[in-house]
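# Fold and geometry: a report
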Amino acid sequence: MDPGSPRRAQKRCGPEARGLGLADWLAQVFTYADRARWEGEIAAGRLRIGPRLAQAGDRLEPGDLVSYEAPAMDEPEVDRAWRLVLETPDFLIVDKPPLLPCHPGGRFYAHSLWYMLKENYGPVGFAGRLDRETSGL
């Protein structure tokens, strides 16, 4: 994924989703946006239920996989000068520069340490993390 390309998030519906409209479920689960906003995202073609494009009247069932593809956005530049200090079969120790976010969030996705490590080492997870402004191991 190149910086600025769409981002995809997925969530599987639990038992609470049975019979709920997609926009209602989204507004309950992802409370940073209201029902009207989610209806707009559905109308814009950014949501899928399983492999098919979601429609405004869709009702959910437990086990449905809902996918959201956020619109592309430019990411702020970051200091990419992270340095691998130690690599073992079980973990990596990385020296992170300041102003490099560890996790994707907000306007940062490909410009995050997680993404850069994933590109070099495959799937990764953090045992500890530093705030974006903080440098260190």
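Note: the structure precedes this text.
Now for a quick tour of the structure.

## Examining the overall build of the chain
Scanning the chain from terminus to terminus reveals three helices and six strands. Taken against the 2.2 N^0.38 rule, which gives 14 Å for 137 residues, the C-alpha radius of gyration of the chain at 18 Å runs more than 25% over that of a compact globule. By principal-axis analysis of the C-alpha atoms, the chain measures approximately 50 × 30 × 25 Å. Buried positions account for 34% of the 137 residues belonging to the chain. For the chain, the share of sequence-separated contacts (at least 6 apart) that also reach a separation of at least 24 residues comes to 55%. Side chains of the chain give 18 positive and 20 negative charges; the mean places of these two sets differ by 3 Å.

## Regarding the packing of aromatic side chains
Overall, the coordinates contain eight aromatic pairs when judged by the stated rule. An aromatic cluster is present here, built from Trp25, Phe30, Tyr32, Trp38 and Tyr68 joined pairwise through their rings.

## Thoughts on the nonpolar core
Leu22, Trp25, Leu26, Trp38, Leu47, Leu60 and Val66 are the most contacted members of the largest nonpolar core, which totals 18 residues. If you list the elements that add at least two residues to this core, you get helix H1 (22-29), helix H2 (35-43), strand S2 (47-49) and strand S4 (65-70). Among the elements that line this core, the one with the most residues is H1, at five residues. Other than its neighbours up to four places away in sequence, Trp25 contacts Lys11, Cys13, Glu16, Ala17, Leu20, Phe30, Leu60 and Val66. In terms of nonpolar packing, the next biggest core, distinct from the first, is built from nine residues, Val78, Val94, Leu100 and Met116 among them.

## Examining the sheet that holds strand S3 (residues 52-53)
Overall, antiparallel pairing links the four strands, which are arranged S1-S4-S2-S3 in an open sheet. Here the strands that pair on one side only, and so sit at the sheet edges, are strand S1 (7-12) and S3.

## Overview of the environment of Ser67
Tracing the backbone through its elements, the reader meets Ser67 in strand S4. Sequence-wise, Ser67 and Leu53 are 14 residues apart; in three dimensions their C-alpha atoms are separated by 9.3 Å.

## Considering the side chain of Glu75
Following the sequence through the fold, Glu75 ends up in the loop between S4 and strand S5 (83-87). Here Ala110 takes part through its backbone nitrogen, which lies 3.0 Å from a polar atom of the side chain of Glu75. A polar contact of 2.8 Å, which involves the side chain of Glu75, links it to the backbone nitrogen of His111.

## A look at the pattern of salt bridges
With the rule as written, the count across this model stands at nine salt bridges. When the shortest N-O distance is used, the salt bridge between Arg35 and Glu39 registers 1.9 Å. Of this pair, Arg35 and Glu39 both sit in helix H2, four residues apart, which is roughly one turn of the helix. Judged by its relative accessible area of 38%, Arg35 is partly exposed. Judged by its relative accessible area of 35%, Glu39 falls in the partly exposed class. Ionic pairing is found between Arg83 and Asp95, a salt bridge with its closest N-O pair at 3.2 Å. With a gap of twelve residues between them, Arg83 in strand S5 and Asp95 in strand S6 (residues 92-95) connect regions that are remote in the sequence. Assessed through its relative accessible area of 24%, Asp95 is described here as partly exposed.

The rules behind each value
Residues numbered from 1 in each chain as written. Predicted model: local features only at pLDDT ≥ 70, side-chain atom pairs only at ≥ 80, totals over all residues. Heavy atoms only, no water. Helix = DSSP H or I, 4+ residues; strand = E, 2+ residues; numbered from the N terminus. Rg over C-alpha atoms; globule rule 2.2 N^0.38 Å. Buried < 20%, exposed > 50% of the residue type's maximum accessible area, 1.4 Å probe, protein only. Contact = heavy atoms within 4.5 Å. Lys, Arg positive; Asp, Glu negative; His and termini not counted. Charge placed at Lys NZ, Arg CZ, Asp CG, Glu CD. Phe/Tyr/Trp six-rings, centres within 6.5 Å; stacked < 30°, edge-to-face > 60°. Core = buried A, V, L, I, M, F, W, Y, C linked by side-chain atoms within 4.5 Å. Pairing = 2+ DSSP bridges. Polar contact = N/O pair within 3.5 Å; in protein donor to acceptor, adjacent residues only side chain to side chain. Salt bridge = Lys/Arg side-chain N within 4 Å of Asp/Glu carboxyl O.

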